[in-house]
Amino acid sequence: MSADALPATRTPAAATAVDAGLYLIVVLSGIAGLGYQMAWSRMLAVSLGHEIVAVLAVVAAFFTGLALGAFVLNDIVRRSARPQLWYAALEFLIGGWALLLVLLIPHYNQWMPLLVGAEPGAVRQWALAFGSTLLLLLPATAAMGATLPAVERVCAGLRQRSDRVAGLYACNTFGAVLGTLLATFALVPALGLATTMMLFAAVNILCGVAVILAFANAAAALPAAPVPVAQPPLAGGGHRRLLWCLFISGFLGLGYEVLVVRVVSQVLENTAYTFAAVLSVYLLGSALGAGCYQRFWAGRHLDRGPWSQLLSRLVAATALTCLLGIAALWLSDSVYRAVLGLLGPGTGAAVAAELSVAAVVFLLPTLCMGALFSHLAQRAMRSTGLGVALGVNTLGAALAPLCFGVLLLPAVGAKVALALVAAAYLLLLPPAPPRVWLPALAPAAAALALVIAPLQLRFIATPAGSELLAYEDGVMAAVAVIADGSGHRHLKVNNHFTMGGTASRFSDHRQSHIPLLLHGAPESALYLGLGTGITFDAARYYPQLRATGVELIPEMLPLLGYFDAGPGAGTWPTPPRLLSADARRFIVSSDAQYDVIIAEIFHPSRDGAGSLYTQEHFSVIKSRLAPGGLFCQWLPLFQLDLHTLRTIVRTFLQVFPGAQMHLGHFSLQQPILCLVGSREPRTYQSNWLLNRVRDPALQQQLVQMRLNSDFALFGGFLGGGEALADFVGSGPLNTDDWPLVTFSAPDFVYADPEPAAVRLLQLVDALDDRRGTLLAGLAGERDFSRRLHDYWRARDTFLRAGVDVRPGEDIRRLVAQTREPLLAALRLSSDFTPAYRSLIGMAQALHQVDRRAAYELLTDLDAASPGDDFARRLRRQLYGN
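The shown structure was predicted, so the numbers you read here are calculated from the model rather than taken from an experiment.

Of regular secondary structure, the chain possesses 30 helices and 12 strands. Relative to the 2.2 N^0.38 estimate, which gives 29 Å for 881 residues, the radius of gyration of the chain is 32 Å and therefore close to what a compact globule would have. A principal-axis box enclosing the C-alpha atoms of the chain has dimensions of 110 × 55 × 50 Å. Looking at the chain residue by residue over its 881 residues, the buried ones come to 59%. Summarising the internal contacts of the chain: among those between residues at least 6 apart in sequence, 80% fall at separations of at least 24.

Below, the structure is given as structure tokens:
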């Protein structure tokens, strides 16, 4: 509706229609604003990394840009007679700059890691990440910061009153809720980041056009906003105190969010959907609080006395609800499990459970925060303008992540830090008689009780008989070392991700040995991801090897000693180099080349891990391989569905078309896959290990790891490039712009998947027909080639035999179920010792309960593999013949 079509005195219906149109525009603008933030944070993490310094620098830069825009354009917009044109221009600028960023950010991501360097100091990394991000986003973020003041001026011109701040803020924040959900759950997974940004840019341009068309003349006759008039002064500091309250409220509000998100990360799954769910509830509460203020209090209580009384009540309510939210954190795990139990497995159910947890801890506090901000902003805009009020509040929010997440949390712990946030809200109380302060006594007493209560705000699952050996609530994560009843130690991150332990030393060491042995003579190796450090520890058995390890979570490095790993464990011929850094940023910024690069098992569903499986990342790794070098990407098949596996392998093949896939071991419960890539196709020949492994300590280690023969090393080969290409087929790639793995992997975590053994056999069967060969095809290798192919057939038979076997089954039933398949595997290949060892173990156990059956099993085993006399000697030992 065009404003010049409205009569001077509009009917209530016409006024309502105009208001509705304006509010819709504000909602759409909010959708785009938070959508940008979600997209930009993912795009910039590619080059700046996921270290907490870089992550918080991006957040601070975003909020600082908003604050600068609100400050700088405050007076200009307030005094303009045509604020609608300013608003349209701001929307056009946001949309135009967003479109330009689609082109700029990829170039930024190429040169920024080189500028930061491989091992920057914390101050240098913060300064470069903050400064460059601020400048890169500033045209858009500054314009965003000024949109709410501009649209408030348009609304004031239409209504001839300026009491709509809370309503506009509520609409804009509700739009932010929708933008968060749309970007994360729909647009980015379906379209990618660049296309999503283009759609949001179109929304901004649409908002600008709509304002020009609908409200072109609505404020044409308005005079500029009047010079600030004297307000009834606030006791104890006047307007300066009011701005101080706005700053503190922004600082504490975002500080509460930072701390609570860190705590609930020990309960929720921490996927790409988790943060979106939590953030949407936080924003929804703020929107509801502002909406309630607009409905019940806007335009009222403007005199000093009533205004201060309402402020006191809102401050006390915010502090008290924060304390209630903190108390609810102890119930968050129960809430999460209860909702999951009610709804069952699945992505929808898991997201609903995460939303429920977020609602319990966030909804009431943020509702009060939204009303409190509206009360302060409504008052401040009459003197300083909405832009200054908004800028001061946003500036406080910009400082919160650094102060609370990096400084306060590690220093005092989550519980005390949160109690301090709740208590600090009482600093906003106006100087007033004691009767005005009475509502604040309850939250003050509760905060004090919380600090001194002997309770720990941590979630560590410790089964019966286990012991918590170490716990670190650091800047990146909550890390714990747990000893189980059998004495084995496990490393847990945020109580969800078990990063290995002493019980998996056999598997972890093999993850180092297999790629190093496949290279043959490595002199340098880079490990991307350390976890317990056990995989990295195997590098010390290679006398000529210079090993470098990179771990994102700094809290893990001091804990390596609990797992007998790291520089202090054993003897290292060459001292290793360990550092805490983001793997992607490190590999891009370093120009060093390595004979072997090993990418540890990354939990694909964890937010951020998907970027370690992108085409761009694999390409950079390829450029860091020395001549003859190879790259090994380990994949946890027990944490992947075949759809996501195909996406990763398809992307890997795009960079390494001659790739190979190997099994890390023959476990059916937790199968792991090794994707091997190199610049040139790799082939092998017989006596590979004999001609290359001469160090006695390494030889002894390989015997313990069952890698002391060519058949043991090459026996895990599943398929080469052609077989893998047939398996994955055609389809999209996982790229920085379209992070498919980030959004598909969580479906597996949220679901109730089939056993990993089933997926492993599906993979083996799919690769069987076109497996290919590892050998060079030399004339003298025909016998070895035949035996190796027989070994692979025996291996596949062995794997199929164990699919339906359950640990702890009765030995008679186990023998009846697996005896013939294992004997068949041995008849296919007498070199396949895993089947032989399994049958020997079963015969020894069976001897305790059925001597005759054990005798028959040993006899059949000796007949199936006459070249190995252990079964014959064991039978003679047990039975005398």
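From this point on, the discussion continues.
On to a nonpolar patch on the surface. Taken together, the side chains of Leu-85, Phe-92, Leu-99, Met-198, Ile-205, Val-209, Ile-212 and Leu-213 define a hydrophobic patch exposed on the protein surface, amounting to about 630 Å² of accessible area. Elements with a contribution of two residues or more to the nonpolar patch: helix H4 (83-116) and helix H7 (193-215). The element that contributes the greatest number of residues to the nonpolar patch is H7, accounting for five residues. Tracing the backbone through its elements, the reader meets Ile-212 in helix H7. Residue Ile-212 is classed as partly exposed on the basis of its relative accessible area, which comes to 31%.

Here the focus is the nonpolar core. Counting residues in each nonpolar core, the largest one holds 144 residues, and the members touching the most others are Tyr-36, Trp-40, Tyr-256, Phe-362, Leu-376, Leu-418 and Tyr-425. In terms of residue count, the dominant contributor to this core is helix H1 (residues 12-48) (15 residues). Contact partners of Leu-418, with chain neighbours within four places excluded, come to Tyr-256, Leu-259, Val-260, Val-263, Ile-326, Leu-329 and Leu-457. One finds Phe-536, Ala-583, Leu-718 and Tyr-791 within the second-largest nonpolar core, a separate group that totals 122 residues.

This brings us to the pattern of salt bridges. Taken as a whole and judged by the stated rule, the model has 21 salt bridges. A salt bridge links Arg-771 to Asp-796; its shortest N-O distance comes to 2.7 Å. In this pair, Arg-771 sits in the loop between helix H25 (756-768) and helix H26 (782-801) while Asp-796 sits in helix H26, placing the two residues 25 residues apart along the sequence. Looking at Arg-771, the relative accessible area reads 7%, which means it is buried. By relative accessible area, Asp-796 is classed as buried at 3%. Notably, a salt bridge pairs Arg-873 with Asp-869, separated by 3.4 Å at the nearest N-O pair. A relative accessible area of 41% means that Arg-873 is categorised as partly exposed. Several salt bridges converge on common partners, so that one network encompasses Asp-768, Arg-771, Arg-795 and Asp-796.

Turning our attention to helix H13 (residues 386-412). Between its first and last C-alpha atoms H13 spans 36 Å; for 27 residues at 1.5 Å apiece the expected length is 39 Å, and the two agree. The sharpest bend along H13 reaches about 35° and sits at Phe-404. After H13 finishes, the residue Gly-413 shows a positive phi value of roughly 90°.

Bringing unusual backbone geometry into the picture now. If a residue is not glycine, its phi is most likely negative; likewise, a peptide bond is most likely trans. Its identity as a non-glycine residue notwithstanding, Asn-687 has a phi of 60°, on the positive side. Note on placement: Asn-687 falls in the loop between strand E11 (672-678) and helix H21 (696-704).

A few words now on the environment of Glu-600. Considering the arrangement of structural elements, one finds Glu-600 in the loop between strand E8 (594-599) and helix H19 (615-623). Note: C-alpha distance between Glu-600 and Gln-633 (33 residues apart in sequence) is 6.8 Å. Excluding its chain neighbours within four sequence positions, the residues that come into contact with Glu-600 are Gln-511, Leu-528, Gly-529, Leu-530, Thr-535, Gln-633 and Trp-634. At 3.0 Å, the side chain of Glu-600 forms a polar contact with the side chain of Thr-535.

Pairing of strand E2 (residues 478-483) with strand E3 (residues 489-493) involves five bridges; the strand directions are antiparallel. In the sheet register, Ile-482 faces E3, and the bridge partner there is His-490. The hairpin turn running from E2 into E3, its antiparallel successor, is five residues long, and Gly-487 in that turn takes a positive phi close to 95°.

Bringing helix H24 (residues 740-750) into the picture now. Extensive coverage of H24 is indicated by the burial of nine of its 11 residues. Along H24, the positions that sit buried rather than exposed are Leu-740, Val-741, Thr-742, Phe-743, Ser-744, Ala-745, Pro-746, Phe-748 and Tyr-750.

Looking now at the packing of aromatic side chains. Overall, the coordinates contain 34 aromatic pairs when judged by the stated rule. Between Trp-126 and Phe-130, the aromatic rings sit 6.0 Å apart at their centres with planes inclined by 0°, giving stacked as the arrangement. Placement of both Trp-126 and Phe-130 in helix H5 (residues 122-159) is noted, with a separation of four residues, approximately one turn of the helix. Trp-126 sits in the partly exposed class, given a relative accessible area of 23%. Between the aromatic rings of Tyr-684 and Phe-714, the centroid separation amounts to 5.1 Å while the plane-to-plane angle is 45°, which identifies the pairing as tilted.

Time to look at the packing of helix H28 (residues 833-846) against helix H29 (residues 851-864). Relative to each other, H28 and H29 sit at 160°, their axes nearing to 8 Å. Classified by the angle their axes make, H28 and H29 are roughly antiparallel. Both H28 and H29 take part in a crossing whose hand is left-handed. Of the residues in H29, those in contact with Tyr-836, Leu-839, Ile-840, Met-842, Ala-843 and Leu-846 of H28 are Arg-851, Ala-853, Ala-854, Leu-857, Leu-858 and Leu-861.

Before going further, it helps to examine the pairing of strand E10 (residues 660-663). Residues of E10 alternate between two faces, with Gln-660 and His-662 on one and Met-661 and Leu-663 on the opposite face, all of them buried. Here E10 pairs with E11 via four bridges, running antiparallel. Among the inter-strand pairings, Leu-663 is bridged to a residue of E11, identified as Leu-673. Inspection of the sheet shows E10 paired to strand E12 (residues 717-719) by two bridges, in the antiparallel sense. Each bridged residue has a counterpart across the sheet, and for His-662 the counterpart in E12 is Phe-717.

Conventions used here
Residues numbered from 1 in each chain as written. Predicted model: local features only at pLDDT ≥ 70, side-chain atom pairs only at ≥ 80, totals over all residues. Heavy atoms only, no water. Helix = DSSP H or I, 4+ residues; strand = E, 2+ residues; numbered from the N terminus. Rg over C-alpha atoms; globule rule 2.2 N^0.38 Å. Buried < 20%, exposed > 50% of the residue type's maximum accessible area, 1.4 Å probe, protein only. Contact = heavy atoms within 4.5 Å. Patch = residues over 30% accessible without salt bridge, like charges linked within 9 Å, V, L, I, M, F, W, Y side chains within 5 Å. Areas by Shrake-Rupley, 256 points an atom, 1.4 Å probe, with all protein chains shown as cover. Salt bridge = Lys/Arg side-chain N within 4 Å of Asp/Glu carboxyl O. Core = buried A, V, L, I, M, F, W, Y, C linked by side-chain atoms within 4.5 Å. Expected span 1.5 Å × (residues − 1). Bend = angle between axes of the 7 residues up to and from the residue. Polar contact = N/O pair within 3.5 Å; in protein donor to acceptor, adjacent residues only side chain to side chain. Pairing = 2+ DSSP bridges. Phe/Tyr/Trp six-rings, centres within 6.5 Å; stacked < 30°, edge-to-face > 60°. Axes fitted to C-alpha atoms, helices over the stretch in contact; angles between N-to-C directions. Parallel < 35°, antiparallel > 145°, perpendicular 65-115°, else oblique. Left-handed = near helix turned anticlockwise from the far one by under 90°.

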